[in-house]
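# A closer look at the structure
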Amino acid sequence: MPITRALEILKHQFGYDDFRMNQQAAVECVLAKKDCLVLMPTGGGKSLCYQIPALMLDGLTVVVSPLIALMKDQVDALRLNGVNAAYLNSSQEASAQQEVIASLRNGDVRILYVAPERLLQGSGQFIDFLKSFRVSLFAIDEAHCISSWGHDFRPEYTQLGRLKGWFPDVPVIALTATADKLVRQDILEKLHIEHAEVFASSFNRANIFYRVEPKRDTYSQLFDYLDKRRNESGIIYCLSRNSVDALAADLRNDGFSALAYHAGHDKAKREKHQELFLRDEVKIMVATIAFGMGIDKSNVRFVVHHDLPKNIESYYQETGRAGRDGLESEALLFFSHGDVQKLKTFAEVEGNAEQTDIMLGKLNVMAQFGDLKTCRRKFLLQYFSEDSADKCGHCDNCLKTFERFDGTIIAQKALSAVYRTEQRMGLTYLVDFLRGAKSQKMREQHKQLPTYGIGADIPKTSWLAYFRELIEQGYLAQTTGQYPALVLTEKSRDVLKGKTIVELVKVVDEVARSGLGADQVVQDYFRDLFERLKVVRTEFARADNVPPYVIFSDVSLIEMATYLPQDSEQMLKISGVGDLKFEKYGTECLRVIKDYCEENQLESRIERKIPKRERKAGTRRSSDGSNTFEISLSMFQQGASISQIAIERKLSPNTIEAHLVRYMASGEVVLNDLVSTEKVEPIKQAILQFSGSSAIGPIKQFLGDQYSYGEINAVLATMGVVR
Ligand code: ADP
Ligand code: ZN
């Protein structure tokens, strides 16, 4: 049984008990010599999808990757697990390349990483070379780089379309973390693997807690935040190079271990800073978005956006760098409408009104996210056309209870402040004015007005929130420009005259957060033992010249500090401890653990570690819920309507639609089951119009409430785009 063998390799070589998500399906597909496309979020475990088959197939697996900087780490990590891997790219010396070529000839190498330009170098010499011996699999990592619709198009990737012609019998596995459907379709076409099986996983990053804070006195907010996380690694993104340098310097002055990274530094400095961060020698990287592509450091515990990202795609990608190891992590955004205004000026694409509109549209959605009162995860997943529960329980808004109340008087005070100061003042000034601030900035003539100080009973934060809501509801508007002023609108008059009731929202309750979304690692591990193990890990990492997380991930160390293994047999039960790693590092870790147990009179707790496979026993439902789709289908086939199924199954109609869309490819469900005829054409038009965008969110926004995600997805499916 191939899969038994695959599980053995998973355990012995990589130290893991179970496959995750679609890993097993992808491995089986490749072993059957079929092409496939694997879509998994960052940290999902894409690499094992080709690494395990590589060890089972005769011959060489060639992995094409654009991330030259990562190749060495990937190869080092494989070698530490006893896999003979190598890489070829332009950063290597000629002699090193010759060595690799020689060991390829000997047939020693199982996995070869190569940059696309190296693969296709010259007039196909390297291809001829590869043809001279057995290639059993091509893996195309970061496959979205082949699509000009993606956010990261690389022209050299287009050449990969020729691989199928050169090697018609060698299966291709394409992998990406891009959720965009049009890009997926493009990947299949450009690689000529139209019939490939598509394995799509949920893009939810359950272990990331999403939080948004109003941006005010950011430095002191940041200080408090970081002060609680002195032992953790994180990235802070800023918009400009200047603010990166300044913030990094301030943090260092305040005793934090922080460095700066942006494209204005020379290459040597960038590389050095990145290296120090990867090796845990420096905890915090303050950076522009130039930092991150290809950072696969698994123990990044937080990502802070000091400034607003341009769109949801960037936000999701950048926050996705947190918690690749599956442990509890956090994404924090400092949000202000001032940032939205600032970014608007950047959104302009010169001479291209259409593109400018798309950019502004995306920025708008990003601003909506900042203002959101409902579940942030749901919003994000919906943007990527994925359905989810209304509340995730693991974001700031899910922990808050909001209450609507009659805010007419508050609104009247705010609007008359705007009116009395002649519609020329900005948000912060108005709040200070209402609160009767004594500061120098306050103009003398304003202090004489009757409105001055009439809002002193309401805290500043609440005022800022109320003003924002009044803008959102159209009772106030904000001028553009560097110093936007608040002005009245057509709707303002009725409020001032007392003819309209204004509803506002306030937070009435907030519960403490828990580590809900993280993997099932026990929370109460021995923290001081964990710290000792980290020290040992760092020593090994320095000796072997690799980043610490390549030796053992934080998950492995936390498991050791939880279950306290006492001998080799117990140690091999720890996640990530394969045979070779045990041989190299196991004894030393055991010694540290045993010392600790002796000092504290503790014993092994390994019996508490239950393999996931046993935990799941009894529930046949797979983790991505394949059965649930079938139930919806069979009810539908028996004549129930979507809303009836939704009620019966206590799921949302959106979810049921998503279930049914899956059966369009097989013809069990047809388009007219899901979309009425007159809606099809408008949806198609909208899809075509947004073909440059990377998600269904903008299409839905454009079409409005009359159209559901399910309807759009159904039409997408007929256009050959699978979910
Ligand atoms: P991706 O390329 O999708 O971002 P990786 O392949 O780098 O993700 O895997 C992310 C992390 O998850 C790695 O530390 C990897 O060792 C770990 N991992 C992958 N598959 C499993 C599994 N089946 N069980 C436990 N850990 C896994
Ligand atoms: Zn939530």
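Residues numbered from 1 in each chain as written. Chains lettered and ligands numbered in written order. Predicted model: local features only at pLDDT ≥ 70, side-chain atom pairs only at ≥ 80, totals over all residues. Heavy atoms only, no water.

This next bit is on the coordination of the zinc ion (ligand 2). Taken together, the protein ligands of the zinc ion (ligand 2) are C375 (SG), C392 (SG), C395 (SG) and C398 (SG), with distances of 2.3 to 2.4 Å. For the zinc ion (ligand 2), the 4 donor atoms in the first shell make angles of 100 to 119° at the metal, so the coordination geometry reads as tetrahedral. Counting along the primary sequence, the residues that act as donors to the zinc ion (ligand 2) give the motif C-x16-C-x2-C-x2-C. Taken together, the positions of C375 in the loop between α16 (353-371) and α17 (376-383) and C395 in the loop between α17 and β14 (400-406) put the pair 20 residues apart, joining distant regions of the chain. The pair C375 / C395 is uniform in exposure class, with both members buried. (Donors = N, O, S within 2.8 Å, 3.2 Å for Na, K, Ca; no water. Tetrahedral: all angles 85-135°; square planar, octahedral: opposite > 155°, others 65-115°. Helix = DSSP H or I, 4+ residues; strand = E, 2+ residues; numbered from the N terminus. Buried < 20%, exposed > 50% of the residue type's maximum accessible area, 1.4 Å probe, protein only.)

On to the packing of aromatic side chains. Applying the stated rule across the entire model yields 20 aromatic pairs. Summarising the aromatic geometry, the rings of Y316 and F384 are spaced 5.1 Å apart at their centres and angled 50° between planes, so their arrangement reads as tilted. Placement of the pair is Y316 in helix α14 (residues 312-319) and F384 in the loop between α17 and β14, with a sequence separation of 68 residues. Judged by its relative accessible area of 12%, Y316 is buried. Centroid distance F405 to Y466: 5.9 Å. Interplanar angle 65°. Geometry classified as edge-to-face. A residue pair is termed long-range when its members are at least 10 positions apart, and F405 in strand β14 and Y466 in helix α21 (residues 460-472) qualify at 61 residues. Here the two residues F405 and Y466 agree in accessibility, since each one is buried. Members of the aromatic cluster, joined through ring pairs, are Y210, Y315, F369 and F379. (Phe/Tyr/Trp six-rings, centres within 6.5 Å; stacked < 30°, edge-to-face > 60°.)

Moving on to the domain arrangement of the protein. The domain boundaries assigned to the protein delineate domain 1 (2-200), domain 2 (208-400), domain 3 (413-501) and domain 4 (521-610). Each of domain 1 and domain 2 has a C-alpha centre, and the two are 30 Å apart. Tallying the contact residues gives 10 residues for domain 1 and 9 residues for domain 2. In this assembly, domain 1 packs against domain 2 so that about 870 Å² is buried in total across both faces, 55% of it on carbon and sulfur atoms. The largest share of the area that domain 1 buries against domain 2 comes from T42, G43 and L70, three residues that together contribute 38% of it. Here domain 1 is connected to domain 2 by 0 salt bridges. Where domain 1 meets domain 2, there are 0 residue pairs in polar contact (both at pLDDT 80 or more). When the residues that make up the side of domain 1 that touches domain 2 are grouped by side-chain class, the tally is 3 nonpolar, 3 polar and 4 charged. (Domains from an automatic or database assignment. Contact = heavy atoms within 4.5 Å. Buried area = accessible area lost by both parts, 1.4 Å probe. Salt bridge = Lys/Arg side-chain N within 4 Å of Asp/Glu carboxyl O. Polar contact = N/O pair within 3.5 Å; in protein donor to acceptor, adjacent residues only side chain to side chain. Nonpolar A, V, L, I, M, F, W, Y, C, P; charged D, E, K, R; others polar.)

At M21, a residue that is not glycine, the phi angle is positive and equals roughly 40°. Looking at the element boundaries, M21 is found in the loop between α1 (2-12) and α2 (23-31). Although it is not a glycine, H192 sits at a positive phi angle of roughly 60°. In this fold, H192 is placed in the loop between α10 (181-190) and β7 (197-200).

Time to look at the packing of helix α19 (residues 427-434) against α21. For the pair α19 and α21, interaxial distance at closest approach is 10 Å and the crossing angle is 130°. Here α19 is positioned oblique relative to α21, judged by the angle of their axes. Once α19 is placed against α21, the crossing between them reads as right-handed. The residues of α21 that touch α19, namely those facing L427, T428, L430, V431, D432 and L434, are K460, W463, L464 and F467. When its residues are assigned to classes, the contact of α19 with α21 shows 7 nonpolar, 1 polar and 2 charged. (Axes fitted to C-alpha atoms, helices over the stretch in contact; angles between N-to-C directions. Parallel < 35°, antiparallel > 145°, perpendicular 65-115°, else oblique. Left-handed = near helix turned anticlockwise from the far one by under 90°.)

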